[in-house]
Amino acid sequence: MKYQPLDPAIFINNRKRFISNMLPNSIAVFVSNDEWPSNGDALHPFKQNSDLYWLSGIVQEDSMVVLFPDNPDPKFREVLVLVRPNELKEKWDGKRLRAAEAKAISGIGTVVWLDSLDALLQGWIHLADTIYLDSNENDRKASAIRSREYRFIDEMKAQYPLHHFMRAAKIMKELRAIKSKEEIVVVQKAIDITDITFRRLMKFIQPGVNECEIEAEIWHSFLSQRATGPAYGSIIASGDNARTLHYVSNNAECKDGDLILMDFGAEYGGYCADLTRTIPVNGKFTRRQKTVYNACLHLHNYAKSILKPGISILDYTDKVGEEATQQFLKIGLLKKSDVKNEEPDNRAYRKYLYHGISHHLGIDVHDLGTRTAPIKAGMLFTIEPGIYIEEEQMGVRIENNFWITKNGNTDLMKNIPITVEEIESYMKR
């Protein structure tokens, strides 16, 4: 890992939270993600299972976490499973964690090597009544590939058909949505790295630069600050490219007079930042660009004022939609007749704002959490309204990250330039 070691108290506390939700005499087993083949003999860069990382801080492949709080043998109540280090393999693929190193990262006192697990696990499961197994219950899941966690479920159900099986993911969805203060410290580090990078970009961008050169600056800035890298594929969208929400080609020339929408964020310590800013390529907004930008900023600030404990994402989105309607009337995108004749399921404002306003953020960029239940203190959200105008070949989006508290919300990106005046002033330097 490139980042500095995190406080293991983060993961110790996370395990305590999960264990407190387990049934009596139950065992929970979490497995790491697959290593996915690319082409030839190559593999895609390994990405750890988010639930396993949340519980342990371990990013190494072929790892497992076993939680059995009622195990009669206290040393096996929390177990970390790792691949046994192999000197020959390490010459080819690099160093693997030693037991002491893994204990320091995770705070788990017992490490078992994977090649000796089977006999131990069988004995533990024979003592337990209930087995918690994990699965991907992110509402945005789209892949049909049967990953390791699902194959493990099949194996366990075949081997222990008379046990009672429970969904670990149902508990994780509730717990991971609520961020501790210690987790927010790590998120803030990812945000601070992103802040420094954005300021660097404002000095770098000028007419004639290519979007891919901007992406290269992001990579350089992130890695030089010990981030793992981008938390997701950076969107560097100049001109009309900004109307494509997940534009990742990043290969066009940035032209004088155009805006450039940049949606990027660092990953640090397994946690993600998610920033979007839209700035003028030449450093100066036109009058129309300023009007549209300020309308978007108004929506951003309005959303910030109502994203508080008690409201649901659905109700919140509806309220922001009402405010967007008024803003779009004001800047000439909608007419009163458009609003009068709109369909309830296809509001008029959706022509210019066709995505959600907020999503959960954390270990995953689109993190676990509910859309229908009331928002709770401790949740971490983006706020990212946008305005996309086909007729003007223009797209604007503004995004900050907010930690919800019992008294409202805290803007973790409050120090990052956001107003027209702040952006223009910084780009003049």
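Residues numbered from 1 in each chain as written. Predicted model: local features only at pLDDT ≥ 70, side-chain atom pairs only at ≥ 80, totals over all residues. Heavy atoms only, no water.

Some details on the pattern of salt bridges
Side chains bearing opposite charge may pair, as long as their charged atoms lie close to each other.
Logical step 1: For the structure shown, the criterion picks out 29 salt bridges.
Logical step 2: Here Asp-34 ties to Arg-151 by a salt bridge, and the two come within 2.7 Å at their closest N and O atoms. Within this pair, whereas Asp-34 is found in the loop between strand S1 (26–31) and helix H2 (50–56), its partner Arg-151 is found in helix H6 (residues 148–159), the two being separated by 117 residues in sequence.
Logical step 3: The partner of Glu-342 in a salt bridge is Arg-347, with the nearest N and O atoms 2.7 Å apart.
Logical step 4: Classification of Arg-347 as buried rests on a relative accessible area of 18%. (Salt bridge = Lys/Arg side-chain N within 4 Å of Asp/Glu carboxyl O. Helix = DSSP H or I, 4+ residues; strand = E, 2+ residues; numbered from the N terminus. Buried < 20%, exposed > 50% of the residue type's maximum accessible area, 1.4 Å probe, protein only.)

A short note on the packing of aromatic side chains
Logical step 1: Inspection of every chain in the model, using the stated rule, returns nine aromatic pairs.
Logical step 2: With a centroid separation of 6.2 Å and an interplanar angle of 80 degrees, the aromatic rings of Phe-18 and Tyr-132 are classed as edge-to-face. Taken together, the residues Phe-18 in helix H1 (residues 9–19) and Tyr-132 in strand S5 (residues 130–133) connect sequence positions 114 residues apart. The burial state of Phe-18 is the same as that of Tyr-132; both residues are buried.
Logical step 3: Residues Phe-76 and Trp-124 carry aromatic rings whose centres are separated by 5.1 Å and whose planes lie at 45 degrees to one another, so their mutual orientation is tilted. Of this pair, Phe-76 sits in the loop between strand S2 (64–67) and strand S3 (78–82) while Trp-124 sits in helix H5 (residues 117–127), and the two are 48 residues apart along the sequence. No difference in accessibility class separates Phe-76 from Trp-124, as the two residues are buried.
Logical step 4: Among the aromatic residues, ring-to-ring pairing joins Phe-18, Phe-30 and Tyr-132 into one connected group.
Logical step 5: The ring of Phe-165 carries Lys-157 above its face, with NZ or CZ at 5.9 Å from the centroid. (Phe/Tyr/Trp six-rings, centres within 6.5 Å; stacked < 30°, edge-to-face > 60°. Lys NZ or Arg CZ within 6 Å of the ring centre and 35° of its normal.)

A few points about unusual backbone geometry
Logical step 1: Located in the positive-phi region is Asp-62, a residue other than glycine, with phi close to 60 degrees.
Logical step 2: Inspection of the secondary structure assignment puts Asp-62 in the loop between H2 and S2.
Logical step 3: Notably, Arg-226 is not glycine yet its phi reads approximately 70 degrees, a positive angle.
Logical step 4: Here Arg-226 shows up in the loop between helix H9 (211–224) and strand S7 (229–230).

Topic: the packing of H1 against helix H8 (residues 181–204)
How two helices sit against one another is set out by the angle between their axes and by the gap between those axes.
Logical step 1: In contact at an axis separation of 9 Å, H1 and H8 are set at 135 degrees when each is read in the N-to-C sense. As judged from the angle between their axes, H1 and H8 are oblique. Of the two elements, H1 crosses H8, and the hand of that crossing is left-handed. Of the residues in H8, those in contact with Ile-10, Asn-14 and Arg-17 of H1 are Glu-182, Glu-183 and Val-186. (Axes fitted to C-alpha atoms, helices over the stretch in contact; angles between N-to-C directions. Parallel < 35°, antiparallel > 145°, perpendicular 65-115°, else oblique. Left-handed = near helix turned anticlockwise from the far one by under 90°. Contact = heavy atoms within 4.5 Å.)

Focus on the sheet that holds strand S16 (residues 400–405)
The strands that make up a sheet pair up through hydrogen bonds in the backbone, lying either parallel or antiparallel.
Logical step 1: Ordered in space as S13-S16-S17, the three strands form an open sheet in which the pairing is antiparallel. The outermost strands of the open sheet, each flanked by one partner alone, are strand S13 (380–383) and strand S17 (408–411). When the angles between neighbouring strand axes are averaged without regard to direction, this sheet yields 40 degrees.
Logical step 2: One ladder, built from four bridges, connects S16 with S17; its direction is antiparallel. (Pairing = 2+ DSSP bridges.)

Some points on the pairing of S1
Logical step 1: With six of six residues buried, S1 lies mostly within the body of the structure.
Logical step 2: Bridge analysis of S1 against S5 gives four bridges, and the strand direction is parallel. Bridge assignment links Ala-28 to a residue of S5, and that residue is Tyr-132.
Logical step 3: Judged from the four bridges that link them, S1 and S2 form a sheet pairing that is antiparallel. Residue pairing across strands places Ala-28 opposite Leu-67, the latter belonging to S2.

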